[in-house]
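Next come the chains, spelled out residue by residue.
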Amino acid sequence: MTPNADSGNGHHRPPGSEFARFFEDMERSMREGLVPAQALHDPDLYKLERERLFTRAWNFVGHASEIPSPGDYAMRYIGEDPFIFSRDEHGEIHVLFNACRHRGTQICRVEKGNTSHFRCPYHGWTYKNSGELVGMPALKDAGSNLDKSRWNLIEAPKVAVYHGLVFACLDVEAPPFDEYLGDMKYYLDMLFLLNDDLEVMGEPSRWTQEANWKSGAENFAGDDYHLVYLHRSMFEVDVIQIPYAANMLGHHVLPGNGHALAISVAEDPEALAYWGYPEEVTSKYDLSRLAPTQQDLAKRSRVLVATVFPNLSVLAIPLTGNPHKDPPTAFIVLRLWQPKGPAAMELWNWVLVPKGASEEFRQASYRAAMGTFASSGLFDQDDSEPWQSIARTGGSPFARKIDLKLNYQMGLGIGSARQIEDWPGPGLVFDHRYEEANQRVIFERWLQYVSSEAYPPLTGAPTLSEAANPNGGPSLRMDYRTPV
Amino acid sequence: MPQTTSPNVSDALYRAAYEFLFTEAEYLDDNEMESWLGLMHEDIEYEVPVRITRERAAGPGFSDSSWHMQETWGSLETRVARLKTDYAWAEDPPSRMRRCVTNIRVSPGDAEDTLNVKSNLLLFRSRFDQTSYQLFFAERRDVLQGADEDWKLRKRVILLDHTTLGTHNLGIFL
């Protein structure tokens, strides 16, 4: 039966069945480092993402420091769905579907505020900021015999807080967050256990691109190679002051479950790096919270860039938007690549600064972030160019006709990066950073979600093996579905 | 707060402010970045605060702690220097832009030799072979400093009529 034929007899075909061949083909091609261009711009694949990815994966909603006081709230999105991110009168965090239980009216119509109760504008149904339905106008006439406790705002089925980062999951079948994060935790803990008093500065900024969200997620997963050319101007005007070749030294880390992380590591073990944080910050680090191998890696880390599958990226890097006056300053950016369409995304940007640092450092850190990685950011500006044109390629009829595959083969015997055999931490780890598995794992995990009605099982780190490749090409192949 | 041009501002001063804004817009529209930078005071404060939707009672929603841009002379000079490299992909090829500066109201500034200038900005931007375009609308609150027609921009706050920006980057000056 051809996948695209209409059976004509009214039988229900499961969603995505027209993609059966595409999914099989992609699973094969991913092992050889090839990604179908179609994955970056297809309306029907996007529909599958909406139904199977963002409704099942763990999604970043916000940082606990954004809603510090009871009644604080902000409006956020999980995939395309609006949720209220609130703190109730007892200090508990809630992630509440922004829809009145009466007629479905969106009850939160601003982006941020503080309230004890949400009141629907339509008929006045009133909910506490915890989501509990507590009343409505003319209660006796309109709502007698209504069991209000069954009509609270709908909570996201699962909510987890990791070092202040609040994640939510819309699927009761999903694994708990710490299993979902898996061994990625070992690496992100380096950053967040040492910098343990981070708070968001201000509100997140947002802008839009006619690009697929996966272009951003894969880039921040560890595309370090594009620094040499796309961001060459940054070296020429001294915004980045780590020499390019030295910056490429370090590691690509694949801990499993679609997460990826890249670390630029200083060669000199005595060079105190810690992502460029100054002594006033690093002197407060409690190193005993890390294992010795983590301590060593953290100490020599200059840059950390990572994507928590599917679409939350973390970046720590010392930069300056004003090299005349400001030396490179450490900052941490959280970046969410929100899907808005097959070739449309909204970029959300948070800057994290240490609460206990001097006001001077906090402002300098914020400025460094805003000048480089933000809507006007010197790096972000240039990223928008290839990403938008890649979406055009992805939607190309010719690309579909020839089943265009994109080359993500670096590290499969292409290039000189090598797997580190005796790495003391978890995951598959490469030395150095000219390597593209970090990008591939995002697509592969995406494939596992969109191609499967059942919840995709957790996977351990990918594995490398020899490739029997009679046609030439990469001498290695990667398997991504190691059972956990 | 509505602000008509103050009767304490002479016609000559009004005209000077008006001409300054049009000259500045022309330099930017024509990509004459060095000339534009020459209009910036060495102590320029150039800010684009993030805006979010708030209830009517809570005001227009401009953040006092997050910005899209918060520039000084040094960071503006770095942006211009970057545009001169061979690798400023975001603006090479350059956007086609046109700035309409209107509703200009001028009043005496707080410091001597300064003028407070309020205006509206409409910026059109298109790129490549696309028929689609971007429009930016904003109120600008400027402080001009100088005398005898040698004016510089000492401060600019750009109050955008946008919360989520409908642009792929703010690699341009508003």
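Residues numbered from 1 in each chain as written. Chains lettered and ligands numbered in written order. Predicted model: local features only at pLDDT ≥ 70, side-chain atom pairs only at ≥ 80, totals over all residues.

Draft legend 1. Structural view of the overall build of chain A. For chain A, the count of helices and strands is 14 helices and 24 strands. Computed over the C-alpha atoms, the radius of gyration of chain A is 23 Å, within 12% of the 23 Å expected from 2.2 N^0.38 for a compact globule of 484 residues. Principal-axis analysis of the C-alpha atoms gives chain A an extent of 75 × 70 × 40 Å. In chain A, buried positions account for 50% of the 484 residues. (Helix = DSSP H or I, 4+ residues; strand = E, 2+ residues; numbered from the N terminus. Rg over C-alpha atoms; globule rule 2.2 N^0.38 Å. Buried ≥ 20, exposed ≤ 12 C-beta atoms within 10 Å, placed from the backbone.)

Draft legend 2. Expanded view of the interface of chain B and chain A. Opposite the 33 residues of chain B that make contact, chain A presents 38 residues. Where the side of chain B that touches chain A is concerned, the elements lending two or more residues are β2 (62-71) and α3 (73-83) of chain B. The dominant element in the side of chain B that touches chain A, judged by the number of residues it contributes, is β2(B), at seven residues. Here the side of chain B that touches chain A is built from residues that sort into 12 nonpolar, 18 polar and three charged. (Contact = placed C-beta atoms within 7 Å. Nonpolar A, V, L, I, M, F, W, Y, C, P; charged D, E, K, R; others polar.)

Draft legend 3. Spotlight on the sheet that holds strand β7 (residues 117-119) of chain A. All names here are of chain A. The sheet built from three strands is open, its strands ordered β7-β8-β9 with antiparallel pairing. Edge positions in the open sheet fall to β7 and β9 (133-135), since each of these has one partner strand only. If you compare each strand with its neighbour and ignore which way they point, the axes differ by 35° on average. By the bridge criterion, three bridges tie β7 to strand β8 (residues 126-128) in an arrangement that is antiparallel. (Pairing = 2+ DSSP bridges. Axes fitted to C-alpha atoms, helices over the stretch in contact; angles between N-to-C directions.)

Draft legend 4. Inspection of the domain arrangement of chain A at higher detail. Residue and element names in this part refer to chain A. In terms of domains, chain A is made up of domain 1 (14-55 + 177-484) and domain 2 (58-169). Here the C-alpha centroids of domain 1 and domain 2 sit 32 Å apart. The partner domain 2 presents 16 residues to the 17 residues of domain 1 that form the contact. Counting only elements with at least two residues in the side of domain 1 that touches domain 2, the list comes to α4 (177-181), β12 (198-200) and β18 (332-341). With four residues, the single largest contributor to the side of domain 1 that touches domain 2 is β18. Its residues assigned to classes, the side of domain 1 that touches domain 2 shows 11 nonpolar, two polar and four charged. (Domains from an automatic or database assignment.)

Draft legend 5. Here's a closer look at helix α1 (residues 20-31) of chain A. Residue and element names in this part refer to chain A. Between its first and last C-alpha atoms α1 spans 18 Å; for 12 residues at 1.5 Å apiece the expected length is 16 Å, and the two agree. Within α1, burial applies to F22, M26, M30 and R31. Considering only its buried residues, α1 is in contact with β1 (34-36), α14 (437-450) and β24 (476-479). G33 occupies a position one or two residues after α1 and carries a positive phi of about 80°. (Expected span 1.5 Å × (residues − 1).)

Draft legend 6. Up close: the sheet that holds strand β2 (residues 58-63) of chain A. Residues and elements named next belong to chain A. Across the sheet, three strands lie side by side as β2-β11-β10; this open sheet has antiparallel pairing. Each edge of the open sheet is held by one strand with a lone partner, namely β2 and β10 (158-162). With direction set aside, neighbouring strand axes in the sheet form an average angle of 30°. Sheet topology note: the β2/strand β11 (residues 165-169) ladder contains five bridges and is antiparallel. Residue pairing in the sheet places N59 in a bridge with A168 of β11.

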